[in-house]
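# Descriptive structure summary
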Amino acid sequence: MLGRHASGQNAGMIRQVIPNESIGRLAQEGALFLRTLPSEWKVTFRRTGSLLLAKGKEREILRRSGSSAEKQGLLLRWFSKREVIRRVPLLSGADFETALFCGTDGVIDRYALLKAYLREAKRHGARIWMGARVSAITLDARGFQIESARGDIHAKVL
């Protein structure tokens, strides 16, 4: 079953402020793609924004992550603990000192997205094997050699 190990809405959270700058750029490109999927895919992206909380040493990591994301064009907003609690009273007992809000983050319907990827892959000629335990993958000049419980296959793209 496709996506069977996804847990709750967390698996569908699209977040763009990432400590690693290279991965952050990928997250932003991925978020843009997911916000602008073709309508025929019938995948819902709900823009909710995200609020990242930090204290102590985590504040500096969040500050650097936010600074990097802003340099890449993300519009972010910093909040003090007092401002966060005024807006989200449920967080009054939370242990944090500062917060960063990214308004373009959100949640995507992960099951619809996985179905759309599968449908598009098949439409473009991909063969999909599920439940075939892979024992080895090697790369050679022709592409990938995959050894699996269902047999061995060669793929140019994996």
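Each remark here, short or long, concerns the structure printed above.
## Describing the packing of aromatic side chains
Counted under the stated rule, the structure contains two aromatic pairs. Taking the centre distance of 6.2 Å and the plane angle of 80° together, the rings of Phe33 and Trp41 count as edge-to-face. Taking the relative accessible area as the measure of exposure, Trp41 reaches 11% and is therefore buried. Pairwise contacts between aromatic rings join Phe33, Trp41 and Tyr117 into one cluster. Residue placement shows Lys81 over the ring face of Phe96; its charged tip is 5.3 Å from the ring centre. Over the aromatic face of Trp129 sits the side chain of Arg150, whose NZ or CZ is 4.8 Å from the ring centroid.

## Considerations on a nonpolar patch on the surface
A cluster of nonpolar residues, Leu51, Leu53, Val88 and Leu90, forms a patch on the protein surface that exposes about 340 Å² of accessible area. Within the element layout of this structure, Leu90 appears in the loop between helix H3 (81-87) and strand E5 (98-102).

## Details of the pattern of salt bridges
Pairing between side chains of opposite charge can happen when their charged atoms approach one another. All chains considered together, the criterion is met by seven salt bridges. Between Asp95 and Lys55 there is a salt bridge, with the nearest N and O atoms lying 2.4 Å from each other. Here the residue Asp95 occupies a position in the loop between H3 and E5, and Lys55 occupies one in the loop between strand E3 (50-54) and helix H2 (57-71), the gap between them amounting to 40 residues. For Asp95, a relative accessible area of 57% gives the class exposed. For Lys55, a relative accessible area of 32% gives the class partly exposed. The closest approach of N and O atoms between Arg123 and Glu120, which form a salt bridge, is 2.8 Å. Residue Arg123 and its partner Glu120 are both found in helix H4 (residues 110-123); the two are separated by three residues, about one turn of the helix. Owing to a relative accessible area of 15%, Glu120 belongs among the buried residues under this scheme. Connected through shared salt-bridge partners, Glu60, Arg63 and Arg64 make up one network.

## Re the sheet that holds strand E1 (residues 13-14)
Here we have three strands laid out as an open sheet, ordered E1-E6-E2, and antiparallel in their pairing. The sheet terminates laterally at E1 and strand E2 (45-47), the two strands that pair on one side only.

## Focus on the environment of Arg63
Relative to the helices and strands, Arg63 resides in helix H2. Looking at Arg63, the relative accessible area reads 42%, which means it is partly exposed. Distance in space between the C-alpha atoms of Arg63 and Gly12 is 25 Å, their sequence separation being 51 residues.

## Brief notes about the nonpolar core
Grouped together as the largest cluster of nonpolar side chains are 11 residues: Ile14, Ala31, Leu34, Leu37, Trp41, Val43, Phe45, Ile108, Ala112, Leu113 and Ala116. Top element by residues in this core is H4. It accounts for three residues.

## With respect to the sheet that holds E5
Spatially, three strands are ordered E3-E5-E4 in an open sheet, and the strand pairing comes out antiparallel. Two strands close off the open sheet at either side, each with one partner strand: E3 and strand E4 (76-80). Taken pair by pair, the neighbouring strands of this sheet meet at an average axis angle of 25°, ignoring direction. Note: E4 against E5, five bridges, orientation antiparallel. Each residue of the ladder has a partner; that of Phe79, found in E5, is Ala99.

Conventions we followed
Residues numbered from 1 in each chain as written. Predicted model: local features only at pLDDT ≥ 70, side-chain atom pairs only at ≥ 80, totals over all residues. Heavy atoms only, no water. Phe/Tyr/Trp six-rings, centres within 6.5 Å; stacked < 30°, edge-to-face > 60°. Buried < 20%, exposed > 50% of the residue type's maximum accessible area, 1.4 Å probe, protein only. Lys NZ or Arg CZ within 6 Å of the ring centre and 35° of its normal. Patch = residues over 30% accessible without salt bridge, like charges linked within 9 Å, V, L, I, M, F, W, Y side chains within 5 Å. Areas by Shrake-Rupley, 256 points an atom, 1.4 Å probe, with all protein chains shown as cover. Salt bridge = Lys/Arg side-chain N within 4 Å of Asp/Glu carboxyl O. Helix = DSSP H or I, 4+ residues; strand = E, 2+ residues; numbered from the N terminus. Pairing = 2+ DSSP bridges. Core = buried A, V, L, I, M, F, W, Y, C linked by side-chain atoms within 4.5 Å. Axes fitted to C-alpha atoms, helices over the stretch in contact; angles between N-to-C directions.

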